[in-house]
Amino acid sequence: MSGMLRPGRDPKSAKFKRGWRVRPGETDPQALPRVGSAPYPGLPHPLGATPYAGGTNFAVVADGVPGISDVQLCLLDPKDPSVTLRTVTMAERTYGIWHTFVPGVGPGQVYGFRVPARDPAKLLLDPYARQVTGTGYDLVAAASFGVQTAGKVPAGIVVDSAAPGQHSATNRPWVPWEQTVVYEAHVKGLTMRHPAVPAKLRGTYLGVCHPAVIDHLRKLNVTTLELLPVYASSAEPGLKATHRRNYWGYSTLNYFAPHPEYASVPGREIAEFATMVDALHAAGIEVVLDVVYNHTCEGGPGLSVDLSTRGLAPDSYYLPDGRDLTGTGNTVNARTLPVIRLVTDSLRYWSETFGVDGFRFDLASVHARPDGGPFDAGSALLSAIAADPVLATRKLIAEPWDATGDGYAVGRFGPNWTEWNDRFRDTGRDFWRGVPGVRDLGYRLSGSSDLYAPSRRPWASINFVTAHDGFTLRDLVSYDHKHNEANGENNRDGGEHNRSWNHGVEGETDDPAIRALRLRTARNLAATLLLSTGTPMITMGDELWRSQGGNNNAYCQDNEISWVDWDLQDPEVAGTLAFWRRTLAIRRGAPALHQGEFFEGRAPGGGDGVPDLVWFNASGQPMSDPDWFDEGRQTIGMWVNGHDVRGHTVAGEPLSDRSWLLLLHAGADPVELTLPGAPYSTSYVPTIDTDRPTGEPASTAEIAGGASVVMPGRTVWLLQARRPSTS
């Protein structure tokens, strides 16, 4: 009989004779350990490291078999992460999540995981870590099986997000979409050369929120600052092997930790990021983050490194090798539950903890292609984002394509999404480099109803003529070809079809006529962007006449190629900046030019019988079908009725405005125009003229409706239309 007892049970003991009983909830000191049983099992949710009173809960998705290849939690020395102070076996696995609670561990503890089922030598970063020890890594060690990597790769740091200074403390501006003006910028590129920003703050979160930078944004009438990736990022293995870095940051290491290199004080990146958001919010400026959930920094077939998800559970996070939608070889799989949970948890964390106002999703079509299949706007991941009660209140911007032809999905995302509209970019560039025809231009000027009606609004079209990837505005009018030799890829990288025009000379020139014409074309492109219906996006430095020397893919250039030059003494820079400021100020004060609903080409009820939108030819007559299909046409007029502005004020009052006539002429020679007469206008007041360096017309004297005028070649005019009821 005694041979059948568990070891440690003495049949002669008094306790055995009395009958051993353990009260519910008490530990039986004589019980044998069981597979899946731990004295401090912890909880599977929330994922990551969550500090509580008395200790910290750790939870992670990883490969392994309970009792055979349990995941190990490594508690590291904060002063020397190569030293493991303690290893805790995570014996509990629930819902596919390994979890444990460790008493006595709190904020500041450095940690990582080991996965014996894959490579027990690799220390792996928690995908949910709120802070990282750094972003550098030993390429050889991280890429080699069986080589220890503790102290050679980034590790996580336990953070109490509820602690003072670790979260935003201001209210969001809640800028309506129809009033939104987006400014795309890079934390470092925006601030590194700003003379008013103290040297120690340049290239940092605190530099972005310096009063001089905020003042610049406010004078531009920018409402929304869109920052290139600020999640912790590392150079991909291929870049690291050639001693380059991913300056843009489109190589995510962790989806919860702010990039530590943007902190002015090491280790203060969370507090400084929160300070930046609060300062921008206090100035009425929203913060939108460019996020990269389509791939990670860990590389793909040929050269990969185990830093985090690739070492934890690659089949749970990535598409199989050979199914690449991003050009990186490690495309994230939008179908799996760990990915859907990771993305939505990350978005919610930045929204709730820091008050982030929105997100721009890099290569967003990947998220609509589970298992790498066909595009599905109702994919599980996109639906989870749109259905989330927190995320549904944020601005959601899709880059509606991926690296494959099948992923091109402009106009195909769901009703909660806005989209980068590359058709606006391409049509605008073509028109102003002399490609004739105005049919597609009409759609782009009026909000792209062919792409976004009826399920969405015109502001769903994020209009742009330049972006971080591609030529700057100055280079767009100065180069016919890319010049990316500095990137170290023999000029093979970057797009070939830029729709650019160098105006006769490749690159910089001293020819005053060419320089003047380039500036004029740039003003035409800017005016088209800022005066069209939709949401305009400005690229950092275009208003300051920034050049990258013809580099249209400066992703690895962390130097003056990419940093904004703030020299405002240059007359060309000063004039360009004045033009942008003036045009944006006029746009802001003219609700008819940024309406929240599509035009219908009909007269408002109870009005004077004049339609909300009328297109005019050079003769001052409404455009006919032959006009629209005239492939040689280079002139178009767009008249907007200020009596019928769609939308309301914040107080719920109907909006009203003056009427406007926007005229665009891309021909090289002057053209004689007849201005539309009654009932469209009795007279016109010149308001913007791109023939002038700052856009301010030479004269604001009224011009009678029906009058003939000569419009210079390659020019945009905005005229205020005076009508009897609004004069």
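The structure under discussion appears in the preceding block.
Keep in mind that what you see is a predicted model, and the values were worked out from it rather than measured.

(A) Local environment of the overall build of the protein chain. Across its full length, the protein chain carries 18 helices and 28 strands. In terms of C-alpha radius of gyration, the protein chain reaches 30 Å, essentially the compact-globule figure of 27 Å for 727 residues. Overall, the C-alpha framework of the protein chain stretches about 115 × 55 × 45 Å when taken along its three principal axes. The buried share among the 727 residues of the protein chain stands at 58%.

(B) Here's a closer look at the packing of aromatic side chains. Summed over the entire model, instances satisfying the criterion amount to 30 aromatic pairs. Ring geometry for Y205 and F273: centres 5.4 Å apart, planes at 90°, overall edge-to-face. Of this pair, Y205 sits in helix α4 (residues 205-208) while F273 sits in helix α7 (residues 269-282), and the two are 68 residues apart along the sequence. Note on accessibility: Y205 and F273 belong to one class, buried. Summarising the aromatic geometry, the rings of F431 and W432 are spaced 4.9 Å apart at their centres and angled 80° between planes, so their arrangement reads as edge-to-face. We classify F431 as buried; its relative accessible area is 2%. Look at W432 and you get buried, because its relative accessible area is 3%. The ring of Y349 has R130 sitting right over it, with the charged end atom 4.5 Å from the ring centre. When the ring centre of Y318 is taken as reference, the NZ or CZ atom of R310 above it lies at 4.8 Å.

(C) Up close: the sheet that holds strand β2 (residues 55-61). Spatially, four strands are ordered β1-β2-β6-β5 in an open sheet, and the strand pairing comes out antiparallel. Every other strand in the sheet has two partners, leaving β1 (48-52) and β5 (92-94) as the edge strands with one partner each. Here the average twist between neighbouring strands, direction ignored, is 25°.

(D) Expanded view of the packing of helix α10 (residues 337-354) against helix α11 (residues 380-387). Two numbers describe how α10 lies on α11: the axes approach to 10 Å, and their chain directions differ by 25°. Classified by the angle between their axes, α10 and α11 sit roughly parallel to one another. As for the relative orientation of α10 and α11, their crossing is right-handed in sense. Contacts between α10 and α11 involve I340, V343, T344 and L347 from the first element and A380, L381, A384 and I385 from the second. Along the lines of polarity and charge, the residues of the contact of α10 with α11 split into seven nonpolar, one polar and no charged.

(E) Highlighting the sheet that holds strand β20 (residues 535-539). Pairing in this closed barrel of eight strands is parallel, and the strands run β11-β12-β13-β16-β17-β18-β19-β20 around the ring. Ignoring strand direction, the axes of neighbouring strands in this sheet form an average angle of 25°. Pairing geometry for strand β12 (residues 224-227) and strand β13 (residues 286-291), over four bridges, is parallel. Each residue of the ladder has a partner; that of L225, found in β13, is V287.

How each quantity is defined
- Residues numbered from 1 in each chain as written.
- Predicted model: local features only at pLDDT ≥ 70, side-chain atom pairs only at ≥ 80, totals over all residues.
- Heavy atoms only, no water.
- Helix = DSSP H or I, 4+ residues; strand = E, 2+ residues; numbered from the N terminus.
- Rg over C-alpha atoms; globule rule 2.2 N^0.38 Å.
- Buried < 20%, exposed > 50% of the residue type's maximum accessible area, 1.4 Å probe, protein only.
- Phe/Tyr/Trp six-rings, centres within 6.5 Å; stacked < 30°, edge-to-face > 60°.
- Lys NZ or Arg CZ within 6 Å of the ring centre and 35° of its normal.
- Pairing = 2+ DSSP bridges.
- Axes fitted to C-alpha atoms, helices over the stretch in contact; angles between N-to-C directions.
- Parallel < 35°, antiparallel > 145°, perpendicular 65-115°, else oblique.
- Left-handed = near helix turned anticlockwise from the far one by under 90°.
- Contact = heavy atoms within 4.5 Å.
- Nonpolar A, V, L, I, M, F, W, Y, C, P; charged D, E, K, R; others polar.

Any link to function would need more than the numbers given here.
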